[in-house]
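This is what each chain is made of:
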Amino acid sequence: MKAGDTFFLKKGAADNHLRVILSDPEAFPDQVVFATLTSFDLTKESACIIQPGEHPFVKNQTCIAYDRLIACRSTELSRLEAASQIVWNVSVSQVLLERIREGASLSRDIKPRMLKILLEQGVLD
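These numbers were taken from a predicted model, which means no experiment stands behind them. (Residues numbered from 1 in each chain as written. Predicted model: local features only at pLDDT ≥ 70, side-chain atom pairs only at ≥ 80, totals over all residues. Heavy atoms only, no water.)

J.: An account of helix H2 (residues 94-106) is requested, with residue identities and associated values reported.
T.: For H2, spanning 13 residues, the distance from its first C-alpha to its last is 19 Å, which sits close to the expected 18 Å at 1.5 Å a residue. The complete set of buried residues in H2 reads Leu96, Leu97, Ile100, Arg101, Gly103 and Ala104. One face of H2 carries all of its buried residues, which in axial projection span an arc of 155°. Projecting away from the buried face of H2 at angles above 90 degrees are the exposed residues Gln94, Val95 and Leu106. Against the buried residues of H2 lie strand E3 (19-21), strand E5 (49-50), strand E6 (62-64) and helix H3 (112-120). (Helix = DSSP H or I, 4+ residues; strand = E, 2+ residues; numbered from the N terminus. Expected span 1.5 Å × (residues − 1). Buried < 20%, exposed > 50% of the residue type's maximum accessible area, 1.4 Å probe, protein only. Arc of directions from axis to C-beta. Contact = heavy atoms within 4.5 Å.)

Here it is in structure tokens:
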């Protein structure tokens, strides 16, 4: 598990939101931050818009839901994986990971706690 890896969470019914790990789970195992990709529309923040073709999963204009960033322990992700509650997908490119991270610093919707974690981890400048 590393920054840029993507996954789906299973929650009862299949969950169709791809998540991407933003932080380094090895360096910061107690606070692994990940973001959710969601379909873009004019009601959503445009700090990072992902176009079809930038990742195999993205078929329509997509954005990062910075208001829904989550931090958890890497052991929790490993536990979910062991329980078959995580389905890994293709990692994002380094270029796309950097755009997603940059978008976090531009976001007006990011929660202060998440911004603080990413700053403390050196993910954001």
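J.: Now, about the pattern of salt bridges: what can you tell me, with residues and values included?
T.: For side chains bearing opposite charge, pairing can occur when the charged atoms are close. Applying the stated rule across the entire model yields seven salt bridges. The salt bridge partner of Glu98 is Arg101, with a shortest N-O separation of 3.3 Å. Of this pair, Glu98 and Arg101 both sit in helix H2, three residues apart, roughly one helical turn. The class for Arg101 is buried, based on a relative accessible area of 13%. (Salt bridge = Lys/Arg side-chain N within 4 Å of Asp/Glu carboxyl O.)

J.: Lay out the nonpolar core with the relevant residues and their values.
T.: In this structure, Leu22, Ile50, Ile64, Tyr66, Leu69, Ile100 and Leu118 are the most contacted members of the largest nonpolar core, which totals 24 residues. Sorting the residues of this core by element identifies strand E4 (32-39), H2 and H3 as the ones contributing at least two each. When residues in this core are grouped by element, the largest group, four residues, is from H2. Ignoring anything within four residues of it in the chain, the contact list for Leu118 reads Leu22, Val33, Leu69, Ala104, Ile110, Val123 and Leu124. Listed in part, the nine residues of the second largest apolar core include Phe7, Cys72, Leu80 and Ile86. (Core = buried A, V, L, I, M, F, W, Y, C linked by side-chain atoms within 4.5 Å.)

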